[in-house]
Amino acid sequence: MQTICLYFAGRAHAGENLETLLTHREAERGKPLVMSDALASNTADEGALIRCHCLAHGGRRKFTELEEVFPAECAMVIDALRQVFDHEEEARVQHMSAEVRLRYHQQYSGPIMDRLKHWLEQQFEERTVEPNSSLGKAFHYLLGHWATLTRFLDVPGAPLDNNTAERALKLAIRQRKNSLFYATDYSAYIASMLTSLIATCLQAGVNALEYLVALQEHRPAVFGDPAAWLPWHYHTHLARLSPAFSNPRPSWLAADSHSIG
C-alpha cells in the first residue's frame, strides 16, 4: 500500500475541499475513513464517509494542558489513553492486519475505554466537576465525540490520531508563506500540486528533484499513462523507455557532481 499526499490551497475550507475530492472517488470503493479534529470547518457530507476524530488532540492533549490545575482528574484520563496508545504501538510493531488490530483493540483497549467513559459520566452525575469549567468542557468534548474518537474499536483500520496529517501540515504552512506572492488562484493550485508531488515522494522514499525532472523530460509519456509515472514505480517505466538507463539523475546533476569531485 502506498501513501499519496494531497494539498489544496484556495478560498475553500477543509470540508469543502473534501467534498470536492469525494466526487472523484469510485462508488464501488465504499466510504473512506476520514480523520480530523472536530472543527466545524472540517465537516463534509458525513453520510459519504466514516468520520474519525483525533484521540491525541481531543483526548490526551486537552488534559495534559490542564494537568497542573486538575492533576488527579487529568491523570485518570491520561493514564487510560496512554495504555490505549501503548496497545496501538504493539499492533504496529507486530505488523497486525486491520482485522487483527481491530480484535486486539476490542479485547485490550475496549475495556479501558468503557471504564473511562463510565468514570467521566459519573463525575457529572455526582457533580464533582463543574460543567462550565475548563475541565468540564474537556469532559464534554470527550463524551460528546465518543463514537468518532473510538472508531478504532468498531472499524478495521480506523486510526487513533491525526498525527500524520498534522506533520504534513508543516509543508502547507511553508507554502502559505510563499502564497503571499501568488497573483491568481491558479498559481496557488499549481503550488499545491507541486507540494503534493514532493510530499508523496518523501513518503515513498523517492528523490523529489529526480522525479520532477523525469516528468518534465517525458511529458508525452506521462500524459499518455499517468499511472505508470507514480513515484513508487516510475523508475521501472523510465527503464523501459530507455534500455540504457542506469542512473536516474539528470545529466546536468551528474556533471555537477563530477566537476565538484
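Residues numbered from 1 in each chain as written. Predicted model: local features only at pLDDT ≥ 70, side-chain atom pairs only at ≥ 80, totals over all residues. Heavy atoms only, no water.

Let us look at the confidence of the model for the chain. In this model, the chain carries an average pLDDT of 85, and 89% of its residues clear a pLDDT of 70 or more. Contacts of residues 244-248 to residues separated by more than four positions or lying in other chains number five contacts, the stretch itself having pLDDT below 50. This model gives residues 250-261 a pLDDT under 50, and the stretch forms eight contacts once residues within four places in sequence are excluded. (pLDDT = per-residue confidence, 0-100. Contact = heavy atoms within 4.5 Å.)

Right, let's talk about the pattern of salt bridges for a bit. Counted under the stated rule, the structure contains seven salt bridges. Of the charged contacts, one joins Arg82 and Asp86 as a salt bridge, the two residues approaching to 3.1 Å between their closest N and O atoms. Separated by four residues within a single helix, Arg82 and Asp86 lie in helix H3 (residues 71-93), roughly one turn from each other. On the accessibility criterion, Arg82 (40% relative accessible area) is partly exposed. Where Arg92 meets Glu89, a salt bridge forms, and the shortest distance between an N and an O atom there is 2.5 Å. Of the two residues, Arg92 and Glu89 are both situated in helix H3; the distance of three residues between them amounts to about one turn of the helix. Judged by relative accessible area, which is 52%, Arg92 ranks as exposed. Connected through salt bridges with shared partners, the residues Asp79, Arg82 and Asp86 form a single ionic network. (Salt bridge = Lys/Arg side-chain N within 4 Å of Asp/Glu carboxyl O. Helix = DSSP H or I, 4+ residues; strand = E, 2+ residues; numbered from the N terminus. Buried < 20%, exposed > 50% of the residue type's maximum accessible area, 1.4 Å probe, protein only.)

Here the focus is the side chain of His105. Turning to its location among the elements, His105 is positioned in helix H4 (residues 98-125). Of the residues examined, His105 reaches a relative accessible area of 0% and is grouped as buried. Discounting residues that sit within four places of it in the chain, His105 has contacts with Val84, His87, Glu88, Gly110, Phe152, Leu153 and Leu160.

With that out of the way, let us pick up helix H1 (residues 14-22). Among all positions of H1, only Gly15, Leu18 and Leu22 are buried. Looking down the long axis of H1, one finds its buried residues gathered within 60 degrees of arc, a one-sided arrangement. Among the structural elements, strand S1 (33-36) and strand S2 (50-53) are those in contact with the buried residues of H1. (Arc of directions from axis to C-beta.)

A separate point is the packing of H4 against helix H5 (residues 134-144). Remark: H4 packs on H5, axes separated minimally by 11 Å, with the N-to-C direction vectors making an angle of 135 degrees. Compared by their axis directions, H4 and H5 come out oblique. Read as a crossing pair, H4 and H5 show a hand that is left-handed. On H5, the residues touching Leu116, Lys117, Trp119, Leu120, Glu121, Gln123 and Phe124 of H4 are Gly136, Phe139, His140, Leu142 and Leu143. Among the residues forming the contact of H4 with H5, the class breakdown is seven nonpolar, three polar and two charged. (Axes fitted to C-alpha atoms, helices over the stretch in contact; angles between N-to-C directions. Parallel < 35°, antiparallel > 145°, perpendicular 65-115°, else oblique. Left-handed = near helix turned anticlockwise from the far one by under 90°. Nonpolar A, V, L, I, M, F, W, Y, C, P; charged D, E, K, R; others polar.)

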